[in-house]
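Inside the fold
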Amino acid sequence: MKLTEKETEILEILEEDSRLTPETIAKMIGLSEEETKKLISGLEEKKIIVNYATTIDWKKVDGHEGVTAMIDVKVAPKRGVGFDEIAERIYRFNEVKSVYLMSGAYDLSVVIEGKTMNDIARFVSEKLSTLESVLSTTTHFILKKYKHDGIIFDHEDKDKRIVVSP
Amino acid sequence: MKMKTLNSYLSETVINMKPSGIRKFFDLAANMEGVISLGVGEPDFVTPWNVREACILSLEQGFTSYTANAGLYELREKISEYLFKRFDLQYDPAEEIIVTVGASQAIDIAFRSIINSGDEVLIIEPCFVSYAPLVTLAGGKPVSVSTFGEEEFKVNPEILEKYITSKTKAIMICTPNNPTGTVLSKKELEAVAQIAKRYDLLVVADEIYAELCYEDEYVSMPSIEGMKERTILISGFSKGFAMTGWRLGYIAADRVFARAMLKVHQYSIMCAPTMAQYAALEALENDEDVLYMRKSYQRRRNYIVQSLNEAGLFCHMPGGAFYAFPSIKSTGLSSEEFAERLLLEEKVAVVPGNVFGQSGEGYIRCSYASSMEQLQEAMKRIKRFVQSL
Ligand SMILES: Cc1ncc(COP(=O)(O)O)c(C=O)c1O
């Protein structure tokens, strides 16, 4: 979809900080607040803006430590629907956080989150491997998140500049 | 023999030099908690990682010795290519480019190489604080030429011409300007060039903010017809490349000037820091971040200028750098009173315009090199402060 320059600017701005109000964004890109609101609604309707989420480091919250695993899944694609049908079967599960179709040694990369390793093991053996077109799975547990979606966790970003300078 | 008072040993030139007016606000602001500073004259971005990493690599590989006086040849070559690609300038890396310790040192050796005792240098104000003191240290006489808010702080050729005497040696210009953000168009540069040619003057052009130009294509002084021989071009990595602490800048000028400046440079500095030169090499080779930073400043500029105007402080839309320079005349306060009260009452630090020259009186400099979060809060506080007056 071809977007106007202003629409692209809105996306770039919101992607960095979705808390900025239409009023502020309007000033940043030199449009009126009304025009900006309209463009944002348009982007939402077209599902280009999919949602406004917050990046949270759950590891820091007691009782929310959780476990994340990346699972390489090999599947047998079906005539007519290719990988889409099996991908949908998988991504509809709540514990599945993302699903990507991959080039290379396996087909789908599935990221799943659970409370314990057991939860994940159970999901893989009971739900995932039992799907008819799934040929094999390889599960990798994530030990530590350093950077996620462009955001560095535990990053000290204090302003180190002197307060007034020429 | 008993020693005289220590003061009496000092150079008269240095004794007579006024300390920068910025110092006072630094001391005030530095000791307060919860201050939002719009007083910072440097990028809020940390130097891009690829550049920092290149420096680390150079240290790992043991590049810790001196470089040639004029700087690493590869770096001068890269600077030469960059100046050609970006601004259509042609400088010979072997003889016309010197890598310096920031634009600051570049300005220093430029003045020291062209000024004879008593020579006058026309300084377009408001401007960066070090031009006049450096002219004085070089034995010259700085002559202030005012520009005005009503003319968006553009150089007015008629006024400029009035200050020319038989002693005038050079015109010092800076575009985009600190503190006004004003960018001179090709036509406006040509008007200055005309005067330089008519009166046979040099131009020292501080183009350190050239990468931060938001409206039209940037036009560089030496690219104006007949100006390459007359211009000493000053630039560097501090602003557009977010590398202030690296202390790396450069000079480009005709070889006659460059040779003279290299003599001064060689005896006073030897060469710019080697590790910073390796970092700069990477900064020029992979410069995608420059574009990202420029866009980010541009949006913040749009935001802050509109917000200042809404708060009741008239502010023209600056074409470049990262400063807004709103008028505070409507408040009836002087620049210093305004800045001091704003700091004490609302904890927002700005720099009073008069520290950049008398024609900056009635204005304040607000740097928008701060996060949107900080800018929004600062604008709220400034608005509240203006309403309280
Ligand atoms: C107009 C201008 N010229 C020169 C400089 C000095 O830059 P550098 O860090 O390269 O010495 C500054 C820094 O504030 C500036 O604003």
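Residues numbered from 1 in each chain as written. Chains lettered and ligands numbered in written order. Predicted model: local features only at pLDDT ≥ 70, side-chain atom pairs only at ≥ 80, totals over all residues. Heavy atoms only, no water.

1. Some remarks on the overall build of chain A
For chain A, the count of helices and strands is five helices and six strands. Seen in sequence order, chain A has helices and strands lined up from the N terminus as α-α-α-β-α-β-β-α-β-β-β. A compact globule built from 166 residues should have a C-alpha radius of gyration of about 15 Å, whereas chain A, at 21 Å, is more than 25% larger. Dimensions along the principal axes, computed over C-alpha positions, put chain A at roughly 60 × 45 × 30 Å. For chain A, the residues scored as buried account for 28% of the 166 residues in total. Summed over all atoms, the accessible surface of chain A reaches about 11500 Å², with 51% contributed by carbon and sulfur. Within chain A, the 31 negative side-chain charges are centred at a point lying 3 Å from the centre of the 25 positive side-chain charges. (Helix = DSSP H or I, 4+ residues; strand = E, 2+ residues; numbered from the N terminus. Rg over C-alpha atoms; globule rule 2.2 N^0.38 Å. Buried < 20%, exposed > 50% of the residue type's maximum accessible area, 1.4 Å probe, protein only. Areas by Shrake-Rupley, 256 points an atom, 1.4 Å probe, with all protein chains shown as cover. Lys, Arg positive; Asp, Glu negative; His and termini not counted. Charge placed at Lys NZ, Arg CZ, Asp CG, Glu CD.)

2. Side note on the overall build of chain B
Along its length, chain B carries 13 helices and 12 strands. Taking 389 residues into account, the globule formula puts the C-alpha radius of gyration at 21 Å, and chain B, at 21 Å, falls close to it. When the 389 residues of chain B are sorted by exposure, 57% land in the buried category. For chain B, the share of sequence-separated contacts (at least 6 apart) that also reach a separation of at least 24 residues comes to 76%. As displayed, chain B has an accessible area near 16600 Å², and 52% of this comes from carbon and sulfur atoms. Here chain B contributes 40 positively and 49 negatively charged side chains, and the mean placements of these two sets differ by 4 Å. (Contact = heavy atoms within 4.5 Å.)

3. Comments concerning the domain arrangement of chain B
Residues and elements named next belong to chain B. Domain boundaries assigned for chain B yield domain 1 (15-44 + 289-388) and domain 2 (49-285). Each of domain 1 and domain 2 has a C-alpha centre, and the two are 25 Å apart. Between domain 1 and domain 2, the residue contacts involve 31 residues of the former and 34 residues of the latter. Between domain 1 and domain 2, the buried area comes to about 2600 Å², and carbon and sulfur atoms account for 60% of it. Between the two partners, domain 1 and domain 2, sit three salt bridges. Ionic pairing is found between glutamate 150 and lysine 329, a salt bridge with its closest N-O pair at 4.0 Å. Across the contact surface, domain 1 and domain 2 share 15 residue pairs in polar contact (both at pLDDT 80 or more). (Domains from an automatic or database assignment. Buried area = accessible area lost by both parts, 1.4 Å probe. Salt bridge = Lys/Arg side-chain N within 4 Å of Asp/Glu carboxyl O. Polar contact = N/O pair within 3.5 Å; in protein donor to acceptor, adjacent residues only side chain to side chain.)

4. Some remarks on helix H2 (residues 22-29) of chain A
The buried fraction of H2 of chain A amounts to six of the eight residues, a majority that puts the element mostly inside the structure. For H2 of chain A, every residue scored as buried is listed here: Thr24, Ile25, Ala26, Lys27, Met28 and Ile29 of chain A. Close packing links the buried residues of H2 of chain A with helix H1 (5-16) and helix H3 (33-45) of chain A together with helix H11 (288-310) and helix H13 (372-388) of chain B. One or two steps after H2 of chain A, the chain reaches glycine 30 of chain A, where phi turns positive at roughly 75 degrees.

5. Re the interface of chain B and chain A
Listed by partner, the interface residues are 33 residues for chain B and 16 residues for chain A. Summing both partners gives a buried area of about 2000 Å² for chain B against chain A, and 54% of it is carried by carbon and sulfur. If you look at where chain B meets chain A, you find five salt bridges. With its nearest N and O atoms 3.1 Å apart, the salt bridge here joins glutamate 12 of chain A to lysine 295 of chain B. The interface formed by chain B and chain A includes 17 residue pairs in polar contact (both at pLDDT 80 or more). Here the side of chain B that touches chain A takes eight residues from H11 of chain B, the largest share from any one element. Of the residues belonging to the side of chain B that touches chain A, the class tally is 17 nonpolar, nine polar and seven charged. (Nonpolar A, V, L, I, M, F, W, Y, C, P; charged D, E, K, R; others polar.)

6. Comments concerning the UniProt feature "domain: Aminotransferase class I/classII large" (unreviewed entry) in chain B
Per the UniProt annotation, the sites labelled "domain: Aminotransferase class I/classII large" (unreviewed entry) are residues 34-382 of chain B. Split by type, residues 34-382 of chain B is 40% helix and 14% strand. Its first and last C-alpha atoms lie 15 Å apart. (UniProt positions renumbered as here; feature names shortened; annotations may be inferred.)

7. Observations regarding the site of the ligand
Residue and element names in this part refer to chain B. Taken together, 14 residues are adjacent to the ligand, and Ala103, Ser104, Asp206, Ser238 and Lys239 come closest. The separation between an oxygen atom of the ligand and a polar main-chain atom of alanine 103 is 2.6 Å. At 2.7 Å, a side-chain N or O of asparagine 178 approaches an oxygen atom of the ligand. Here the element with the most residues in the shell around the ligand is helix H5 (residues 102-114); it accounts for three residues. (Near = heavy atom within 4 Å.)

8. Some words on the UniProt feature "domain: HTH asnC-type" (unreviewed entry) in chain A
The sites that UniProt annotates as "domain: HTH asnC-type" (unreviewed entry) are residues 3-65 of chain A. For residues 3-65 of chain A, the helix share is 52%, the strand share is 0%, and the end-to-end C-alpha distance is 40 Å.

9. Section: the environment of threonine 67 of chain B
All names here are of chain B. As for its placement among the helices and strands, threonine 67 is situated in the loop between helix H3 (49-60) and helix H4 (73-87). In this structure the C-alpha to C-alpha distance between threonine 67 and methionine 275, which are 208 residues apart in sequence, comes to 9.9 Å. When neighbours within four sequence positions are excluded, threonine 67 is seen to be in contact with Leu72, Cys271, Ala272, Thr274 and Gln277. Here the side chain of threonine 67 touches glutamine 277 through a polar contact of 3.0 Å, side chain to side chain.

10. Things to note about the nonpolar core
Residue and element names in this part refer to chain B. Of all hydrophobic cores here, the largest spans 90 residues; its most connected members are Leu38 and Phe111. Those residues in contact with leucine 38 that sit more than four places away from it in its chain are Val348, Ala349, Val350, Arg365, Cys366, Ser367, Ser370, Leu375, Ala378, Met379 and Ile382. Listed in part, the 33 residues of the second largest apolar core include Leu89, Val183, Tyr218 and Ala283. (Core = buried A, V, L, I, M, F, W, Y, C linked by side-chain atoms within 4.5 Å.)

11. Focus: a nonpolar patch on the surface
Residue and element names in this part refer to chain A. A cluster of nonpolar residues, Ile56, Trp58 and Val61, forms a patch on the protein surface that exposes about 250 Å² of accessible area. Positionally, isoleucine 56 belongs in the loop between H3 and strand S1 (67-75). We classify isoleucine 56 as partly exposed; its relative accessible area is 41%. (Patch = residues over 30% accessible without salt bridge, like charges linked within 9 Å, V, L, I, M, F, W, Y side chains within 5 Å.)

12. Here's the deal with the packing of helix H12 (residues 335-346) of chain B against H13 of chain B
Two measures define how a pair of helices packs: the angle their axes make with one another and the distance between the axes. All names here are of chain B. Remark: H12 packs on H13, axes separated minimally by 10 Å, with the N-to-C direction vectors making an angle of 110 degrees. As the angle between them shows, H12 and H13 are arranged roughly perpendicular. In the packing of H12 onto H13, the handedness of the crossing is right-handed. Each of Phe338, Arg341, Leu342, Glu345 and Glu346 in H12 lies in contact with H13, whose residues at this interface are Arg381, Ile382, Arg384, Phe385 and Val386. Partitioned by chemical class, the residues of the contact of H12 with H13 number five nonpolar, no polar and five charged. (Axes fitted to C-alpha atoms, helices over the stretch in contact; angles between N-to-C directions. Parallel < 35°, antiparallel > 145°, perpendicular 65-115°, else oblique. Left-handed = near helix turned anticlockwise from the far one by under 90°.)

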